[in-house]
Amino acid sequence: MKNIATSVDAATTKSRATQILGFVVLFGVLALILLGFFAAPEDDEQRDAVRMIFVHVPSAFLTYAAFSVTAAGSLMWLWKRSRWWDIVAHSAAEIGVIFCGLTLFTGSVWGRPTWNTYWDWGDVRLVTTLILFLMMVGYLALRAAGGEENAVATRAAVVGLLAAVNIPIINRSVEWWANRTLHQRSSLTDGNLEDLTLFTLVVGIVVWVLFFVWAMIHRFRIGWLEHQLRDIELQAAIAGRRAETANDPTGGSLP
């Protein structure tokens, strides 16, 4: 028991691969800053405000990706009762909430010079994205509330799957409710981006994807170590109770 506990305490989420990946992400962020602020041209209509696209669009893309991973992990937990998938779902949800919050924030900042407003409650994409954000915050709150581990994982999995229903609605809202949104169609497919702007946007997406992978590896390893510690504590409690029973002349029976 002590050997197991010592190995868990000494464990780290860092590895040679994650260190290299971390440096690649850092280099990518620096390259994105240089491209976004100094190389990519300003827009004819939006001027410098268009540079928000290099953060906003990748953040939205990774929001979809992260919460889709949460949904997949949730489904696998409900089907296979796999703790590995449960930790994957939880890890992706935490990172996805960050990306979703960043999407809402950058969208509001970008909206002020573009639409002359930070927020429009009549915009379907804005409202559905906010609903997704709040649902996933609720997912994390449910996790943090504690309780029996399997029961918490099951309740969270249901919330994760329900939240994922909103992802295609958000993504297609511009097409489905064209008269109720301020958003343009996809920047990657509308053909209106200049070559260097499109290249910088693709770089932004790649950098965000690499960051997501890096963060997922670390967060998953933290979750797995926490799971191991809980198992060790449970085993220690059982062993302690057995020792008490063995030393009790009554055999642990009630008076």
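Residues numbered from 1 in each chain as written. Predicted model: local features only at pLDDT ≥ 70, side-chain atom pairs only at ≥ 80, totals over all residues. Heavy atoms only, no water.

*Asks:* So, the overall build of the chain: which residues are in play, and what are the values?
*Replies:* Along the backbone of the chain there are eight helices and zero strands. Helices and strands in the chain line up, N terminus first, as α-α-α-α-α-α-α-α. The buried share of the chain, reckoned over its 255 residues, is 38%. Considering only contacts within the chain whose residues lie at least 6 apart along the sequence, 74% involve residues at least 24 apart. (Helix = DSSP H or I, 4+ residues; strand = E, 2+ residues; numbered from the N terminus. Buried < 20%, exposed > 50% of the residue type's maximum accessible area, 1.4 Å probe, protein only. Contact = heavy atoms within 4.5 Å.)

*Asks:* Talk me through the nonpolar core; I want residue IDs and the actual numbers.
*Replies:* Membership of the largest hydrophobic core comes to 23 residues, with the highest contact counts inside it found for Ile 53, Phe 54, Ile 95, Phe 99, Trp 208, Phe 212 and Met 216. Taken together, the elements giving at least two residues each to this core come down to helix H2 (16-39), helix H3 (53-80), helix H4 (83-115) and helix H8 (195-247). Not counting chain neighbours up to four residues away, the residues in contact with Phe 212 comprise Leu 62, Ala 66, Val 69, Ile 95 and Phe 99. Listed in part, the 15 residues of the second largest apolar core include Met 136, Ala 164, Ile 167 and Ile 170. (Core = buried A, V, L, I, M, F, W, Y, C linked by side-chain atoms within 4.5 Å.)

*Asks:* A description of the side chain of Ser 74 should follow, citing residues and the corresponding values.
*Replies:* Looking at the element boundaries, Ser 74 is found in helix H3. There is a polar contact of 2.7 Å between the side chain of Ser 74 and the backbone oxygen of Thr 70. Apart from the residues within four sequence positions on either side, Ser 74 is in contact with Ala 89, Tyr 139, Ala 157, Gly 160 and Leu 161. (Polar contact = N/O pair within 3.5 Å; in protein donor to acceptor, adjacent residues only side chain to side chain.)

*Asks:* Tell me about H2, and please be specific about residues and values.
*Replies:* The end-to-end C-alpha distance of H2 is 33 Å, a good match for the 34 Å that 24 residues give at a rise of 1.5 Å each. If you check which residues of H2 are buried, you get Thr 18, Leu 21, Val 25, Gly 28, Leu 32, Leu 35 and Gly 36. (Expected span 1.5 Å × (residues − 1).)

*Asks:* So what's going on with the packing of H3 against helix H5 (residues 124-144)? Which residues, and what values?
*Replies:* At their nearest, the axes of H3 and H5 sit 13 Å apart, and the two run at 45 degrees to each other. The angle between H3 and H5 falls in the class oblique. Crossing of H3 over H5 shows left-handed handedness. The residues of H5 that touch H3, namely those facing Thr 63, Phe 67, Thr 70 and Ser 74, are Leu 132, Met 136 and Tyr 139. Of the residues belonging to the contact of H3 with H5, the class tally is four nonpolar, three polar and no charged. (Axes fitted to C-alpha atoms, helices over the stretch in contact; angles between N-to-C directions. Parallel < 35°, antiparallel > 145°, perpendicular 65-115°, else oblique. Left-handed = near helix turned anticlockwise from the far one by under 90°. Nonpolar A, V, L, I, M, F, W, Y, C, P; charged D, E, K, R; others polar.)

*Asks:* How would you explain a nonpolar patch on the surface if you had to name every residue and give the values?
*Replies:* Together, Phe 23, Leu 26, Leu 30, Ile 33, Leu 34, Phe 37 and Phe 38 give the surface a local cluster of nonpolar side chains, amounting to about 820 Å² of exposed area. The topology assignment puts Phe 37 in helix H2. In this structure Phe 37 comes out as exposed when scored by relative accessible area, which is 56%. (Patch = residues over 30% accessible without salt bridge, like charges linked within 9 Å, V, L, I, M, F, W, Y side chains within 5 Å. Areas by Shrake-Rupley, 256 points an atom, 1.4 Å probe, with all protein chains shown as cover. Salt bridge = Lys/Arg side-chain N within 4 Å of Asp/Glu carboxyl O.)

*Asks:* So what's going on with helix H6 (residues 149-164)? Residues and values would help.
*Replies:* In a regular helix each residue adds 1.5 Å, so 16 residues correspond to 22 Å; H6 covers 22 Å between its end C-alpha atoms and thus fits that length. Check the buried side of H6 and you find it contacts H3, H4, H5 and helix H7 (166-176). Here H6 starts with a cap whose side-chain oxygen sits 3.1 Å from the backbone nitrogen of Asn 150, and that cap is Glu 148.

*Asks:* Quick rundown of the confidence of the model for the chain? Include the residues and the values.
*Replies:* Where the model shows low pLDDT, its predicted coordinates should not be examined in detail. With 80% of its residues at a pLDDT of at least 70, the chain reaches an overall mean of 83. Note on residues 1-10: pLDDT under 50 across the span, and ten contacts to partners over four residues away in sequence or across chains. (pLDDT = per-residue confidence, 0-100.)

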